[in-house]
Amino acid sequence: MPLRDINVSIISVNNCSLLALVQAQSESQQPKIQLRLAGDKHKHYEGRLEVSYNNEWGTICDDDFSIEAAHVACRELGFLGAVAWSPSAKFGQGEGRIWLDNVHCTGREKSLAECPSNGFGVSDCRHSEDVGVICNQKRIPGHRFINTMNNNVETLEERVEEIRIRPISSHLKRIPVTEGYVEIKERGKWRQICDEEWTPLNNRVVCGMYGFPGDKNYNNKSMNCTGNEAHLSSCRLGKPLEPKRNSTCGRGLPVVVSCVPGRAFAPSSSTGFRKAYRPEQPLVRLRGGSNIGEGRVEVLKNGVWGTVCDDNWNLRAATVVCRELGFGSAKEALTGAKLGQGMGPVHMNEVECSGFEKSLTDCYFNNDALGCSHEEDAAVRCNIPAMGFQKRIRLSGGRNPYEGRVEVLTEKNGSLVWGTVCSENWGIVEAMVVCRQLGLGFASHAFQETWYWAGDASADNVVMSGVRCSGTEMSLPQCLHHGKHISCPKGGGRFAAGVSCSDTAPDLVLNAQLVEQTTYLEDRPMYALQCALEENCLSSTAKKNDHSSYRRLLRFSSQIHNVGQSDFRPKLGYHAWTWHECHRHYHSIEVFTHYDLLSLNGTKVAEGHKASFCLEDTQCDEGIQKRYVCANFGEQGITVGCWDTYRHDIDCQWIDITNIKPGDYIFQVVINPYYDVAESDYTNNVMKCKCRYDGYRIWMYHCHTGELQKKKLY
């Protein structure tokens, strides 16, 4: 709308109203674009700058391009800014339209689309003038990555857009669908594919697309039983069934594929077998993903888990990982730690796979990962079978699709009905499973009261109770729960279970090296420990001692980093924090960390704990601003890319070892021990050290985060 058409009465109110209106209109009219880095690039943060406009990818001309424009582009891509930009197609010449030319940015724009230019598609340039950028390696904390297309651009003459496996009649009710006719959509109609030039490699690709790691020959022979056999395996195979020819396949037969599911997705008849099965220690695992079949790639080497550098990381290598773990082919090969940063060593760099390796560790790779940081950790998203989990659960009554009362579909008196879940002992781990089952990411909160979410009145009855999840389940029914006999003392209705989900989650990790460096012993008199005694930070024997006695304290500093993709915030709001008069501070989480001294066989011999009395950003990575300062009853939390440090010389930052005998022990720290706050990865919340105490001094060594594997596997 032109400025002159704006109602004069608005102008007369104040200039702010006018500016707000003009800004709102300009934002609503802003073209929607997406950026990516492509071409001959070696790192995820550099490459030819390409833009998608009207669902078509093109390039940007280097005429009048500047470092300010590079800053805008890099921030839009999720980096803190730009380091440099390159003219004259340094990263190779692109294809298609040259969407932007003569781009002028101030550097303050949120999107390249806001910068003045000749207009989309108006250019007198050639692809020899395609611009490239080199971005700052550091990511914007909590930046949401929306990938509509893979960054590795390939030109294909013709591409199949839609394909499906239509189950054979005998397998209509089997989940997942593993066998069926291969059909493609052509001019709005599904048609079968003829097998004249079909190869087994095609079967492998189709099965991979549908989440299956392998395929097998389709068995088209009928059974020939006499009737007195004890088992079907005793029957003989009869003659092959003759598939019906159709108009599509005049000379051949329609293609039928038979896929082999990974163990986690095997048909339900093998459930008992799966429970008894003990898989060997894997060499590869995924961490930090919100859904099954996605996450940061980690490999085991010399007994230590480490990450993979994203140099040359592509769909072939990602597919090897996916198939190795029992999934299908890869949907995305993610770079730049988009699913969170790992820790420890970077084991593999410049991975090159043919796509047929049984394990990622069989691929060629460079042992030298010099120059690779955890900001370059590789990740994958795999195709998984359609299990129909999302159809059997829903969130009802919430303000948006990410929250609401949990309602499940269950069989009752021969028919399927919707009902609620009993909220007794309902927690964040159970909520995580719900969000995963719905494909809504991580759980941010678990609710035991949902009176503010009306839900569906016909689904008020409780149909599931006693739910206990480990957190790895793909659906709520896979968790332990009561059978047909529901037991829910408070009933459903306002006490039904509820969740809110989020695309991202925090991830806390303790700095193990700092613990090792700062450990020491202190003998402290009881008269100086009264506040600590009040907060139960001393051994139970301390209550019997007089004020003149001493306690021996194992002191250390803890530095807790948030390496996730969203801020770590206390579950409870201001109103529910606990005031401690002696120390004169609020506890936002009553037990934030556990400190334990264990015997070599794992028995606890001494313990301590730390409340989050002042959860805040002590320090942050370069370019990241502190958000949380707890002084003066301020907000508490840990920003992504920041850490909270509890110094060795503050109260309760210890274990009381007064009554411990000299010897060898295991020192253990567990962050967020009761899962009060959702995290993307709980396995790295544990830190362990070997510990030797001679009665006078103490040594802490071999400190590590997570579980350390004992044997070398490759």
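Residues numbered from 1 in each chain as written. Predicted model: local features only at pLDDT ≥ 70, side-chain atom pairs only at ≥ 80, totals over all residues. Heavy atoms only, no water.

J.: Run through the overall build of the protein, naming residues and quoting values.
T.: Counting its secondary structure elements, the protein contains nine helices and 40 strands. Here the protein holds 714 residues, and the buried ones make up 48% of them. A separation of at least 24 residues holds for 69% of the contacts in the protein among residues at least 6 apart in sequence. Counting only carbon and sulfur atoms, one obtains 49% of the accessible surface of the protein, whose full area is about 37000 Å². (Helix = DSSP H or I, 4+ residues; strand = E, 2+ residues; numbered from the N terminus. Buried < 20%, exposed > 50% of the residue type's maximum accessible area, 1.4 Å probe, protein only. Contact = heavy atoms within 4.5 Å. Areas by Shrake-Rupley, 256 points an atom, 1.4 Å probe, with all protein chains shown as cover.)

J.: Explain the nonpolar core residue by residue, including any values.
T.: Ranked by size, the top nonpolar core spans 34 residues in total, and within it Phe568, Phe592, Leu597, Ile655, Ile657, Phe667 and Met687 carry the most contacts. Elements represented by at least two residues in this core include exactly β27 (508-510), α8 (512-518), β33 (593-598), β36 (642-646), β38 (663-671), β39 (686-693) and β40 (698-705). (Core = buried A, V, L, I, M, F, W, Y, C linked by side-chain atoms within 4.5 Å.)

J.: Quick rundown of the pairing of strand β7 (residues 163-167)? Include the residues and the values.
T.: What you see with β7 is a clean split: Ile163, Ile165 and Pro167 sit on the buried side and Arg164 and Arg166 on the side with no burial. Here β7 runs beside strand β8 (residues 179-186); their pairing, made up of five bridges, is antiparallel. By the bridge assignment, Ile165 is partnered in β8 with Val182. (Pairing = 2+ DSSP bridges.)

J.: Any chance you could break down the sheet that holds strand β37 (residues 654-656) for me, citing the residues and the numbers?
T.: Hydrogen bonds between backbone groups are what pair the strands of a sheet, and the pairing can be parallel or antiparallel. The three strands are arranged β28-β29-β37 in an open sheet whose pairing can be described as antiparallel. Pairing within the sheet leaves two strands with one partner each, and these edge strands are β28 (520-525) and β37. On average, each strand axis in the sheet is inclined to that of its neighbour by 35°, with strand direction left out of account. Sheet topology note: the strand β29 (residues 550-555)/β37 ladder contains three bridges and is antiparallel. (Axes fitted to C-alpha atoms, helices over the stretch in contact; angles between N-to-C directions.)

J.: Mind laying out the confidence of the model for the protein, listing which residues take part and the relevant values?
T.: Per-residue pLDDT for the protein has a mean of 82; in total, 84% of the residues score no lower than 70. Below pLDDT 50 for its whole length, residues 269-278 participates in six contacts with residues either more than four positions away or in separate chains. (pLDDT = per-residue confidence, 0-100.)

J.: I'd like a rundown of the pattern of salt bridges, residues and numbers included.
T.: Counting across every chain of the model gives 28 salt bridges. In this structure, Arg524 engages Glu522 in a salt bridge whose closest nitrogen and oxygen atoms are separated by 3.1 Å. On the basis of relative accessible area, Arg524 is assigned to the partly exposed category, the value being 24%. Across the pair Glu607 and Lys604 runs a salt bridge, and its minimum N-O distance is 3.2 Å. When salt bridges with common partners are traced through the structure, they connect Arg394, Arg405, Glu407, Asp456 and Asp460 into a single cluster. (Salt bridge = Lys/Arg side-chain N within 4 Å of Asp/Glu carboxyl O.)

J.: Pulling in residues and values, what's your account of unusual backbone geometry?
T.: For Asn312, which is not a glycine, the phi torsion comes out positive at approximately 65°. Tracing the backbone shows Asn312 in the loop between β16 (304-308) and α6 (315-324). Owing to a relative accessible area of 38%, Asn312 belongs among the partly exposed residues under this scheme. Positioned with a positive phi, Ala337 is a non-glycine residue whose angle comes to about 55°. Residue placement: Ala337 occurs in the loop between β17 (330-334) and β18 (346-352). Residue Ala337 is classed as buried on the basis of its relative accessible area of 11%.

J.: Can you explain the packing of aromatic side chains? Please cite residues and give values.
T.: Following the criterion strictly, the structure yields 14 aromatic pairs and no others. Put simply, the rings of Phe447, Trp451, Tyr452 and Trp453 touch in pairs and so form one group of aromatic residues. Directly above the ring of Trp57 sits Arg36, whose terminal nitrogen or CZ lies 3.9 Å from the centroid. (Phe/Tyr/Trp six-rings, centres within 6.5 Å; stacked < 30°, edge-to-face > 60°. Lys NZ or Arg CZ within 6 Å of the ring centre and 35° of its normal.)

J.: Pulling in residues and values, what's your account of helix α7 (residues 428-438)?
T.: For α7, the tally of buried residues reaches 11 of 11 residues, placing the bulk of the element in the interior. Every buried residue of α7 is listed here: Ile428, Val429, Glu430, Ala431, Met432, Val433, Val434, Cys435, Arg436, Gln437 and Leu438. Two residues or fewer after α7 comes Gly439, characterised by a positive phi angle close to 70°.

J.: Let's hear about the sheet that holds β39: which residues, and what values?
T.: Spatially, the five strands line up as an open sheet ordered β34-β33-β38-β39-β40, and their pairing is antiparallel. Edge positions in the sheet fall to β34 (604-610) and β40, since each has one partner strand and no second. Across the sheet, the mean angle separating the axes of adjacent strands is 20° when strand polarity is ignored. Bridge count for β33 against β34 is six bridges, and the pairing is antiparallel. Looking at the pairing, Asp596 lines up with Glu607 of β34.

J.: Just give me the short version of the state of the cysteines, but keep the residues and values in it.
T.: The tally for this structure, following the rule as stated, stands at 13 disulfides. Across the disulfide from Cys537 sits Cys652; the S-S distance is 2.0 Å. In this structure the cystine formed by Cys537 and Cys652 twists about its S-S bond by roughly 90°; its chirality is therefore right-handed. Remark: Cys652 occurs in the loop between β36 and β37 and Cys537 occurs in the loop between α9 (530-534) and β29; sequence separation between them is 115 residues. (Disulfide = S-S within 2.5 Å.)

J.: A description of the pairing of strand β26 (residues 498-502) should follow, citing residues and the corresponding values.
T.: Across the five residues of β26, four count as buried, placing the element largely inside the fold. Relative to β26, strand β22 (residues 403-412) is paired through three bridges, and the arrangement is antiparallel. In the strand pairing of β26, Gly404 is matched with Val499. The sheet contact formed by strand β24 (residues 442-447) and β26 spans five bridges and is antiparallel. By the bridge assignment for β26, Phe442 is matched with Ser502.

J.: How would you explain the environment of Pro385 if you had to name every residue and give the values?
T.: Counting through the fold element by element, Pro385 comes out in the loop between β20 (379-382) and β21 (393-397). Note on Pro385: relative accessible area 3%, which makes it buried. Sequence-wise, Pro385 and Tyr210 are 175 residues apart; in three dimensions their C-alpha atoms are separated by 5.5 Å. Beyond its immediate chain neighbours, meaning those up to four positions away, Pro385 contacts Pro176, Tyr210, Gly211, Phe212 and Phe265.

J.: Before we move on, can you summarise helix α3 (residues 67-76) with the specific residues and values?
T.: Among all positions in α3, only Ala69, Ala70, Val72, Ala73 and Cys74 are buried. Next to the buried residues of α3 lie β1 (33-38), β2 (46-53), β4 (82-86) and β6 (132-135).

J.: So what's going on with the side chain of Glu332? Which residues, and what values?
T.: In this fold, Glu332 is placed in strand β17. By relative accessible area, which is 14% here, Glu332 ends up buried. Within the local environment of Glu332, its side chain forms a polar contact with the side chain of Arg381, the two groups lying 3.0 Å apart. (Polar contact = N/O pair within 3.5 Å; in protein donor to acceptor, adjacent residues only side chain to side chain.)

J.: Before we move on, could you go through the environment of Ala317 and cite the residues and values that matter?
T.: Within the element layout of this structure, Ala317 appears in helix α6. The exposure class assigned to Ala317 is buried, which follows from its relative accessible area of 0%. Expressed as a C-alpha distance, the spacing of Ala317 and Ser359, which sit 42 residues apart in the sequence, is 9.5 Å. In contact with Ala317, not counting residues within four places along its chain, are Val351, Cys353 and Leu360.

J.: Which residues make up the environment of Leu529, and what values do they have?
T.: Relative to the helices and strands, Leu529 is located in the loop between β28 and α9. Residues Leu529 and Cys652, 123 residues apart in the sequence, show an inter-C-alpha distance of 9.4 Å.

J.: Outline the side chain of Thr178, listing residues and values.
T.: With respect to the element layout, Thr178 can be found in the loop between β7 and β8. Setting aside chain neighbours within four positions, we find Thr178 in contact with Phe212, Val257, Ser258, Cys259 and Pro261.

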